[in-house]
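Survey of secondary and tertiary structure
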Amino acid sequence: MNTTFASDSLAAAVIDPAIKNVFLTVNLLCLSELIGIFGIAANIVNIIVFKRQGYRDGVNVTLTALAISDLGALCTQQISNTFVDPWIRETKFVMLKTHLFIFMIYAHGYFIRIGGLVTAFAAFERCILVSFPLKVKNFITSKIAVLVNATFFLVCLLYFIPLWLVVYVDWKYSPAINRSILSMIFKENRESVYSIYYFIADMFVPYATILMLLLFTTVIIRTLKTQSKWRKNAEAQRAEHFVSSKQRKVVVMLMAVSVMFMVCLTPHSILHTALGLFREMKVDGTYASLYFVCYSFTTLLETVNCSATIFVYATMSTRYREELTLLVACLKTKFRFHRISL
């Protein structure tokens, strides 16, 4: 079978190309692009706000790392959307669109997996805090948070191993465009490497992350409910035995981020599970059209997840709102001064 393009007749037997193009256009080139542009600006604002707040504890460090990973995921997604644009011809690129898309998918997946690990780390830290408030009040310092989050960025580089092991780039003649074009050439060990890779990177890691978030969130909810009952029934209890009101707000905010991640990222994990089980759904496979339609919906959810954190912070964090208001006022002042000087 030609590994450069899936057979049009076989692909059409699953989903008509015209229908596929409609889904790609609406979900990726319209909705995802617009939401992604907003999300890029929103995450830049998040990074600036957290920097202005300072890094006295590990929370702002972790939220900054999350904003960086979301920013990377959105930027790579904006680029990969271009490669699935049905209206842009293959000849506009130096490499086959399908193969450029594969490269960018890896870059996007790298940032998405970092975002999942960072979110799980934040949930774990809050889970420990609400469970043992006296013993681990300062459990995660800013230095520890920097070390842990930096480790996530480094460890996730392992996600690119398949590209290094089974792929090389070379010129290849394409009858579809009647010229030679750069293409990804897969080595003979492709299937053996990917069978292991898909189990670890696309099944174990995503589901383990979601399960950890589910576990930590459940523990946090039950612990906070228990503490609320203790406050009502034992007013003589010392306040130090409970999480402060300020910390509770941070916990609730991070819980909202965790729940949003699970809701928006689980469909994409299911899609990758299906891809691992049915290799015909790969981007150069027989059922590539089905994959791209499903991919357009799951990617839209991913884009929403990476873009919507600013609403969570602005709604649930008084400190964030105050700093955001000051930042907007500062930008307005600079803008007015610039206009006057002109």
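Analysis parameters
Residues numbered from 1 in each chain as written. Predicted model: local features only at pLDDT ≥ 70, side-chain atom pairs only at ≥ 80, totals over all residues. Heavy atoms only, no water. UniProt positions renumbered as here; feature names shortened; annotations may be inferred. Helix = DSSP H or I, 4+ residues; strand = E, 2+ residues; numbered from the N terminus. Phe/Tyr/Trp six-rings, centres within 6.5 Å; stacked < 30°, edge-to-face > 60°. Buried < 20%, exposed > 50% of the residue type's maximum accessible area, 1.4 Å probe, protein only. Core = buried A, V, L, I, M, F, W, Y, C linked by side-chain atoms within 4.5 Å. Arc of directions from axis to C-beta.

- With an unreviewed UniProt entry as reference, the protein chain is termed Orexin/Hypocretin receptor type 1-like, source organism Biomphalaria glabrata.
- The Subcellular location (unreviewed entry) field of the UniProt record for the protein chain holds the comment "Membrane".

Some remarks on the environment of V130
- Locating V130 in the fold gives a position in helix α4 (residues 97–131).
- Spatially, the C-alpha atom of V130 lies 8.7 Å from that of Q247, the residues being 117 residues apart in sequence.

Remarks on the packing of aromatic side chains
- This model, assessed by the stated rule, comprises 15 aromatic pairs.
- Considering the side-chain rings of Y110 and F160, the 5.4 Å spacing of their centres and the 40 degrees angle between planes classify their relative orientation as tilted. With a gap of 50 residues between them, Y110 in helix α4 and F160 in the loop between α5 (142–155) and α6 (161–166) connect regions that are remote in the sequence.
- Overall, F160 belongs to the buried group, its relative accessible area being 17%.
- Put simply, the rings of Y106, Y110, F111, Y159 and F160 pair up and form one aromatic cluster.

Digging into the nonpolar core
- Counting residues in each nonpolar core, the largest one holds 84 residues, and the members touching the most others are F101, Y106, Y110, Y291 and Y313.
- A per-element tally of this core places α4 first, with 19 residues.

Quick word on helix α10 (residues 309–316)
- Buried within α10 are the following residues: T309, I310, V312 and Y313. Take α10 and look down its axis: the buried residues cluster within an arc of 160 degrees, on one side only. Among the exposed residues of α10, those pointing more than 90 degrees away from its buried face are F311 and T315.

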